[in-house]
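# Structure assessment
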2 protein chains.
Amino acid sequence: MSEVNERLRHIIQHAYDNAPAVKEIMSAAGVSPDDIQTVADLDKIPVTSKDRLVELQAASPPFGGFLAVPINTLQHVFFSPGPLYEPSADQGAMIDTAQDIIEIAGFDAADVVINTFSYHLVPTGLAVDQVLTQIGATVIPAGVGNADLQLKMMLDLAVTGYLGTPSWLMALIEKAEESGLDFRGQFSVRKALVSAEPLPPPLRQTLVDKYGLSITNVYGTAELGSLAYDTKGDLPMHLLKTPIVQVTNPDTGQPVGPGDTGEVVVTTFDETYPLIRLGTGDLAVNVDPAPGKSLQEERSIILVGRVGDAVKVRGMFVHPNQLTFALSQVPGIARAQAVVTRPANRDELSLRVVLADEAADHEQLTAALGEAIRAACRVRADRIEFVAADAVPEDAKVILDERSWE
Amino acid sequence: MSEVNERLRHIIQHAYDNAPAVKEIMSAAGVSPDDIQTVADLDKIPVTSKDRLVELQAASPPFGGFLAVPINTLQHVFFSPGPLYEPSADQGAMIDTAQDIIEIAGFDAADVVINTFSYHLVPTGLAVDQVLTQIGATVIPAGVGNADLQLKMMLDLAVTGYLGTPSWLMALIEKAEESGLDFRGQFSVRKALVSAEPLPPPLRQTLVDKYGLSITNVYGTAELGSLAYDTKGDLPMHLLKTPIVQVTNPDTGQPVGPGDTGEVVVTTFDETYPLIRLGTGDLAVNVDPAPGKSLQEERSIILVGRVGDAVKVRGMFVHPNQLTFALSQVPGIARAQAVVTRPANRDELSLRVVLADEAADHEQLTAALGEAIRAACRVRADRIEFVAADAVPEDAKVILDERSWE
């Protein structure tokens, strides 16, 4: 922990001295750099939401007071949906974490990789290009599109690795098969680093089992770089060593305990653009094997959705994705809808369930559903009702909030 | 000349030793590296046309025997219409010439530039990005598209320079004006490096006069990098110091004299991918102030079209663009068509002219047209006829070849 604390003290002082927005946020909270000695002290600094960062950039363009170096020392300026400007020098959070994930994905000097992440406007394509060429790999800067041409290059150049979204990888494979090619037999691709969208477990399974690929699935953002990864198809994603990733209560900004759900909040060590406690808006379960003792790289997160989509039930965030995941664990369910009400000033969570087979054992299903929901959502269902198919339309919202707060 | 000859000897030996295709082409012509001591000796090596390069790559993918380094030392592989693969290491013809043109265009460390050349598949975007970041400029890697977003970035980041096609630059300016913005007054763009398509003189004039831009217009190809440039709006484009640019008779491969038209043939000093006497297929007038004594950077070329479109009249190539240029020099012409015939085994060039004003002085026009054609096309018109409007349809071919060769 001492190395990370040392880096933290350095970046906080640097950001405070050079990024006016960071100084302002800390000052408004009555926090000085001296107050931040360890990662635990970070909680004294309020979380800055991504929406707030957008507002600050709009009020003080282009970087909202977060740029901590002279603007003419920048190598690149990127722009990601948000809308958010991202400044970049030759090193920084994006490159540091790209180095980590490219090593984890197992790319090396012998690899010829097709890089289908965009090089235009957003930072990902150029960042992984820089790291891959530095380690001696050969890169085809491809972007997305031109499937036929990309397949031709993959064959002609005996491409061994793919970087991009999982859906474009699958689109390439399908295109190859439509053209009568045997992807596993005729192509040399064995490693894939996928990111920028969720990787559905069945798609991952297909890529691994049918096409013989080793898949590294990465979670990250354009502002912060890569944050977490999975190589085995597990739900929890391992955190990288840096940047500092916290899972916090979206109301208080304080870290949630192991097994609890909260917002992913990140602090980078990027001297160009130090983002201190940036709230990603992503909700995750905090998986911590030895709370208080684990190194960050020993911790994991299970992504469950976006903060705005979640409903708070008796103080716990419940996200539609968590509920959907819980329901998927119990066979025999056609569909279901959760309804949150508040009789007598107490939140109640009811589940309306449409069965695939009416004759199923209600008692057994009730027990199974109750347990799955408690495990996935960290909240107990107060009532589970089995209803007729038309009581829950096919396009019904997964969670219905029927509380009124007047 | 001695430095260029020394570099030439080195690259020829290197290519002969390491690029099997170069060895084969030289051997088939009975030429050994020792035979090539000066640029004048280069003419002993046959010209390889771009089409032939495509064939060689298809027969021996991916690089057709022109790669002169181990394939795993490549940083990037690009792919340009042709279709042609282009291998690249950290230095080479593309980067060398990008350094030259970026210096000529006057970009420096203080510039913030929007780079709208593509980074995907083709080499241009990444090459100029590398050079610009090396000199300390700040680059927005943008690609083409998203005009509104690009304009927002140009304003927010006070962009001083543009790189891309002239038509996209004009599209951006028009979009800005449609949005009620004053491009010259509100934007900071002052320098533009344009390439990849012809720059029509009226468009150049508008960019310079109305929008206050300094324009550097560059001629180059994806395989060879930049070859020539113009900063003043002149028809001749100055040759860069490297690579070696020759203007040659497309039939014999021998250099044409000053003022004559021939194919642009290029020899790079690229140790990764040495292209020796690659025929670009572009036709140009060889402008040489002191034949035999000029340094290459004192010479110029006037691009007049593509080899395949030209018609050979009494041994001289006449390209539609040359004729169109000649006609544009003479006021009072509505349109015209050249017809090539071959009575008594001698090529004859006749011109059918439709006048804008029937009452014009035929004798004076005949003299003016004759002189303009001789100057632009290096061939004398045998006959100039003034015809009625319907004798030359509006969509008529500029040159009609009515010879038969049985």
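Residues numbered from 1 in each chain as written. Chains lettered and ligands numbered in written order. Predicted model: local features only at pLDDT ≥ 70, side-chain atom pairs only at ≥ 80, totals over all residues. Heavy atoms only, no water.

### Some words on the relation of the copies chain A and chain B
- Take chain A, turn it by 180 degrees, move it 0.2 Å along the axis, and it overlays chain B with an RMSD of 0.2 Å. The transformation relating the two chain copies, once decomposed into turn and shift, fits a two-fold axis. Residue A:Tyr119, judged by its C-alpha, is the member of chain A lying nearest the rotation axis, at 3.1 Å.
- A share of 100% of the interface residues of chain A reappears at the interface of chain B, consistent with the copies meeting face to face through the same patch. (Least-squares fit on C-alpha atoms with pLDDT ≥ 70 in both. Contact = heavy atoms within 4.5 Å.)

### Thoughts on the interface of chain A and chain B
- On the side of chain B, 35 residues touch chain A, which itself brings 35 residues to the contact.
- With both chains or domains summed, chain A and chain B bury close to 2900 Å², and 65% of this area falls on carbon and sulfur atoms.
- Between chain A and chain B we count zero salt bridges in total.
- Applying the counting rule to chain A against chain B returns 14 residue pairs in polar contact (both at pLDDT 80 or more).
- When residues of the side of chain A that touches chain B are traced back to their parent elements, those giving at least two are strand 2 (76–80), helix 5 (124–134), strand 5 (138–141) and helix 6 (147–156) of chain A.
- Across the side of chain A that touches chain B, the residue classes break down as 22 nonpolar, ten polar and three charged. (Buried area = accessible area lost by both parts, 1.4 Å probe. Salt bridge = Lys/Arg side-chain N within 4 Å of Asp/Glu carboxyl O. Polar contact = N/O pair within 3.5 Å; in protein donor to acceptor, adjacent residues only side chain to side chain. Helix = DSSP H or I, 4+ residues; strand = E, 2+ residues; numbered from the N terminus. Nonpolar A, V, L, I, M, F, W, Y, C, P; charged D, E, K, R; others polar.)

### Considering the pairing of strand 17 (residues 333–341) of chain A
All names here are of chain A.
- When strand 17 meets strand 18 (residues 348–355), the two strands line up antiparallel, connected through eight bridges. Paired with Arg335 across the two strands is Val354, which belongs to strand 18.
- Counting the residues that bridge the hairpin from strand 17 to strand 18 gives six residues, and of these Ala344 lies at a positive phi of roughly 55 degrees.
- Sheet topology note: the strand 17/strand 20 (residues 399–401) ladder contains three bridges and is parallel. Its bridge partner lying in strand 20, Val340 is registered against Asp401. (Pairing = 2+ DSSP bridges.)

### Let's talk about a negative patch on the surface
- A cluster of acidic residues, A:Glu174, A:Glu177, A:Glu178 and A:Asp182, forms a negative patch on the protein surface.
- With respect to the helices, strands and loops of the structure, A:Glu177 is situated in helix 7 (residues 166–178). (Patch = residues over 30% accessible without salt bridge, like charges linked within 9 Å, V, L, I, M, F, W, Y side chains within 5 Å. Areas by Shrake-Rupley, 256 points an atom, 1.4 Å probe, with all protein chains shown as cover. Lys, Arg positive; Asp, Glu negative; His and termini not counted. Charge placed at Lys NZ, Arg CZ, Asp CG, Glu CD.)

### Let's talk about the side chain of B:Asp129
- Tracing the backbone shows B:Asp129 in helix 5 (residues 124–134).
- Reaching out from B:Asp129, the side chain makes a polar contact with the side chain of B:Tyr119 at a distance of 2.5 Å.
- B:Asp129 has contacts with A:His76, A:Leu126, B:Asn115, B:Tyr119, B:Val139 and B:Pro141, leaving out every residue within four places of it along the chain.

That is the geometry; function is a separate question.
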